[in-house]
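Here's the letter readout for the chains.
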Amino acid sequence: MNAAGITTPRRVAAFIGQCSIEAGPAFDDLAEDTAYRSPQRLVSLFPSRVHSLEQAEGLVRAGAAAIANTIYAGRLGNGDEASGDGWRFRGSGLLQITGRENVRNFAAAAGLAPEEAADWLRTPAGAAEGAVWYWGRQAINSLADMWDIDAVTRTINGPGMMHRQERLAACRKALDAIFG
């Protein structure tokens, strides 16, 4: 964390809080779970990718890899569904780095091939390294300094504010723990 300047109480708390939401409270969900069991949920979350309940039912039957390949096809530097990029470059690491483009950038910084980096991100050491790299690359420290957790969330997770209240609570809990 020192390498990315994650050294002040607010920065550390925002980093830990966000990681606890992205990778779970035990920091052990190091790969995105795309094994949606509800076709209705799949349609509601990805309406631009999953166009009907029938398509969603087929994807749920086909499994997590088919779902990832569909929802991430042609996005974030990924190839089409048949490329397998959606599954290979699904969210991974403590901050769930997603997409061939993001993983390729991390791979260059880590001295790895993109495919190696995708696997590395799903290990504890790689997950931590990737999270610190992403935090620094996205210049999130200034947002943490202002304690703008919504802006931190948007930088990490895109325009959606998934789990907003949980993120605010996790960051606050981490900050309270630092100040004891």
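The structure under discussion appears in the preceding block.
Report on the accompanying structure.

### Quick look at the packing of helix α1 (residues 9–22) against helix α8 (residues 124–137)
For any two helices packed against each other, one specifies the crossing angle of their axes together with the interaxial distance.
Phase 1 of the analysis: Packing of α1 against α8 leaves a shortest axis separation of 12 Å and a crossing angle of 125°. On the basis of the axis angle, α1 is oblique to α8. In the packing of α1 onto α8, the handedness of the crossing is right-handed. Between α1, through Arg11, Ala14, Phe15 and Cys19, and α8, the contact on the second element is made entirely by Ala131, Val132 and Trp135.

### Topic: the packing of aromatic side chains
Working definition: an aromatic ring pair is given by the centre-to-centre distance plus the angle between the planes.
Phase 1 of the analysis: Enumeration according to the criterion identifies four aromatic pairs in this entry.
Phase 2 of the analysis: Taken together, a centroid distance of 5.9 Å and an interplanar angle of 80° make the contact between tyrosine 36 and phenylalanine 46 edge-to-face. Of this pair, tyrosine 36 sits in the loop between α1 and α2 (39–45) while phenylalanine 46 sits in the loop between α2 and α3 (53–62); the two residues are 10 residues apart in sequence, bridging distant segments of the chain.
Phase 3 of the analysis: A relative accessible area of 15% places phenylalanine 46 in the buried class.
Phase 4 of the analysis: Ring centres of tryptophan 133 and tyrosine 134 lie 6.2 Å apart, and the angle between their planes is 55°; this geometry places the pair in the tilted category. No difference in accessibility class separates tryptophan 133 from tyrosine 134, as the two residues are buried.
Phase 5 of the analysis: Aromatic ring contacts, followed pair by pair, group Phe106, Trp133 and Tyr134 into a single cluster.
Phase 6 of the analysis: The aromatic ring of tryptophan 87 is capped on one face by arginine 90, whose charged end is 3.6 Å from the ring centroid.

### With respect to the pattern of salt bridges
Phase 1 of the analysis: If you walk through the whole model with that rule in mind, you get eight salt bridges.
Phase 2 of the analysis: With a shortest N-O distance of 2.7 Å, aspartate 119 and arginine 88 are connected by a salt bridge. Residue aspartate 119 is found in helix α7 (residues 114–120), and its partner arginine 88 is found in helix α5 (residues 85–88); the two are separated by 31 residues along the sequence.
Phase 3 of the analysis: In this structure, glutamate 115 and arginine 100 form a salt bridge, with 3.4 Å as the shortest nitrogen-oxygen distance. Pair noted here: glutamate 115 is in helix α7 and arginine 100 is in helix α6 (residues 100–110), with a separation of 15 residues, a long-range link.
Phase 4 of the analysis: Classification of glutamate 115 by relative accessible area gives partly exposed; the value is 35%.
Phase 5 of the analysis: Bridged by salt links that share partners, the residues Asp85, Arg100 and Glu115 form one connected network.

The rules behind these values
- Residues numbered from 1 in each chain as written.
- Predicted model: local features only at pLDDT ≥ 70, side-chain atom pairs only at ≥ 80, totals over all residues.
- Heavy atoms only, no water.
- Axes fitted to C-alpha atoms, helices over the stretch in contact; angles between N-to-C directions.
- Helix = DSSP H or I, 4+ residues; strand = E, 2+ residues; numbered from the N terminus.
- Parallel < 35°, antiparallel > 145°, perpendicular 65-115°, else oblique.
- Left-handed = near helix turned anticlockwise from the far one by under 90°.
- Contact = heavy atoms within 4.5 Å.
- Phe/Tyr/Trp six-rings, centres within 6.5 Å; stacked < 30°, edge-to-face > 60°.
- Buried < 20%, exposed > 50% of the residue type's maximum accessible area, 1.4 Å probe, protein only.
- Lys NZ or Arg CZ within 6 Å of the ring centre and 35° of its normal.
- Salt bridge = Lys/Arg side-chain N within 4 Å of Asp/Glu carboxyl O.

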